[in-house]
Amino acid sequence: MKALIPAAGLGTRFLPATKALPKEMLLVVDRPAIQYVVEEGLASAADEVVIINSRSKKAIEDHFTPDPDLVALLRERGKDSYADRVEQAGNLNVSYVYQDEALGLGHAIRCAHDKTGDESFYVLLGDVLVPDNRMLPRMQEVSDAHGGASVIAVMPVPDDQVSRFGIIAGCAVGADVWKVDSLVEKPALEEAPSNLAVFGRYLLSPRVMELLADVAPGVGGEIQLTDALDAVLREEEMYALVIDPADGFDTGTVESWLETNNILFERSRSLA
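Quick caveat, the model's predicted, so the values are computed rather than measured.

## As for the side chain of Ser143
Here Ser143 lies in helix α7 (residues 135-145). Judged by relative accessible area, which is 4%, Ser143 ranks as buried. Side-chain polar atoms of Ser143 contact the backbone oxygen of Ala149, separated by 2.8 Å. Ser143 has contacts with Gly148, Ala149, Val151 and Leu203, leaving out every residue within four places of it along the chain.

Okay, here's the thing in structure tokens:
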């Protein structure tokens, strides 16, 4: 089972910083944002993390490549704790496929179809951090309880933010689980079927990957994952895990990235 991380985007909101440095490599407290996501993927049922990369983002691959010379130098200088951290990052089980055209999230995921085969797979959006690594195992539990169905993470959002997100329609079947009937992309508040917004963590059946091969370009001329999820709902059940907003952190804008750094820095100080 694979965990896919789409990482080929331009990082437009962070320009000019992301002209030379991939957005995924921006520091969050003590390591790049994407390392949190890779570690989360490997803490789940996945045996490998596949980063869907751009060929121009070599820094991501350099970060996860072993560097024995640097490790040896750090140990010679008595900096073992730094050496351990460099060694750990270089030993994480990461591979790469490439998205050569910016044709949307659905297209990025489809680029990894040779990796996923006929297995279910996770999709972890790199803008979202889940430092406690507990969300994916809980999603797997929900999937197992419902015959291997696809599961998406959702969270309640305030009324004034409903129109910014994909929103689910459905009904509760447990304390933190909904059965999904449909997904509505960025609805007006008065047309929204709920206040539960898609959060950026997915556990998807193999059928989703098959359907992505036939999805036509949608909003913005891009191949949208939401369109494949709508299609799979006509064939298979889908469930949503309702999460506490405090369980995950958004780093997709400068403001949310700064806020995430502050929260996680204070948390690290309290644990020190």
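The rest of the description comes next.
## Notes on the packing of aromatic side chains
Counted under the stated rule, the structure contains one aromatic pair. A ring pair is formed by Phe14 and Trp257, whose centres lie 6.3 Å apart and whose planes are at 90°; its orientation type is edge-to-face. Highlighted residues: Phe14 in the loop between β1 (2-7) and β2 (27-28) and Trp257 in helix α10 (residues 254-271), separated in sequence by 243 residues. Between the NZ or CZ atom of Arg31 and the centre of the ring of Tyr36, over which it lies, the distance is 3.9 Å.

## Things to note about the environment of Ile152
Along the chain, the position of Ile152 falls in strand β8 (residues 150-156). Here the alpha-carbon distance between Ile152 and Glu259, two residues 107 residues apart in the chain, equals 25 Å.

## A closer look at α10
If you check α10, its first and last C-alpha atoms are 26 Å apart, about what 18 residues at 1.5 Å a residue would give, namely 26 Å. Among the residues making up α10, those that are buried are Ser256, Thr260, Asn261 and Leu264. End-on, the buried residues of α10 take up no more than an arc of 140°, which puts them together on one face. Pointing more than 90 degrees away from the buried face of α10 are the exposed residues Glu255, Asn262, Arg269 and Ser270. Buried residues along α10 sit in contact with β2, α1 (33-42), β7 (128-129) and β13 (249-250).

## Quick notes on unusual backbone geometry
Backbone torsion omega between Leu15 and Pro16 reads 10°, so that peptide bond is classified as cis. Within the secondary structure, Pro16 is located in the loop between β1 and β2. The backbone of Val29 shows a phi angle near 65°, a positive value even though the residue is not glycine. Summarising the element assignment, Val29 is placed in the loop between β2 and β3 (31-32). Phi at Asn133 is positive, roughly 60°, even though this residue is not glycine. The residue Asn133 is located in the loop between β7 and α7 in this model.

## Some points on the pattern of salt bridges
The tally for this structure, following the rule as stated, stands at 19 salt bridges. Note that Glu40 and Arg201 form a salt bridge whose closest N and O atoms lie 2.8 Å from each other. Linking Glu40 in helix α1 with Arg201 in strand β11 (residues 196-204), this pair joins segments that are 161 residues apart in sequence. The salt bridge partner of Glu48 is Lys115, with a shortest N-O separation of 3.4 Å. On the criterion of sequence distance, the pair formed by Glu48 in strand β4 (residues 48-53) and Lys115 in helix α6 (residues 113-116) is long-range, its members being 67 residues apart.

## Things to note about helix α9 (residues 225-233)
Most of α9 is tucked away, with seven of its nine residues classed as buried. Those residues of α9 hidden inside the fold are in contact with α5 (105-110), β10 (177-185), β11, α8 (206-212) and β12 (238-242).

## Observations concerning the side chain of Lys23
Position of Lys23 among the secondary structure elements: in the loop between β1 and β2. On the accessibility criterion, Lys23 (18% relative accessible area) is buried. Contact partners of Lys23, with chain neighbours within four places excluded, come to Gly11, Phe14, Thr18 and Asp127.

## Some words on the pairing of β10
Across seven bridges, the pairing between strand β9 (residues 166-172) and β10 is antiparallel. Across the sheet, residue Ile167 finds its bridge partner in β10, namely Val184. Linking β9 to β10, which pair antiparallel, is a turn of four residues. Bridge count between β10 and β12: three bridges; the pairing is antiparallel. In the sheet register, Lys179 faces β12, and the bridge partner there is Tyr239.

Cut-offs used in this document
- Residues numbered from 1 in each chain as written.
- Predicted model: local features only at pLDDT ≥ 70, side-chain atom pairs only at ≥ 80, totals over all residues.
- Heavy atoms only, no water.
- Helix = DSSP H or I, 4+ residues; strand = E, 2+ residues; numbered from the N terminus.
- Buried < 20%, exposed > 50% of the residue type's maximum accessible area, 1.4 Å probe, protein only.
- Polar contact = N/O pair within 3.5 Å; in protein donor to acceptor, adjacent residues only side chain to side chain.
- Contact = heavy atoms within 4.5 Å.
- Phe/Tyr/Trp six-rings, centres within 6.5 Å; stacked < 30°, edge-to-face > 60°.
- Lys NZ or Arg CZ within 6 Å of the ring centre and 35° of its normal.
- Expected span 1.5 Å × (residues − 1).
- Arc of directions from axis to C-beta.
- Salt bridge = Lys/Arg side-chain N within 4 Å of Asp/Glu carboxyl O.
- Pairing = 2+ DSSP bridges.

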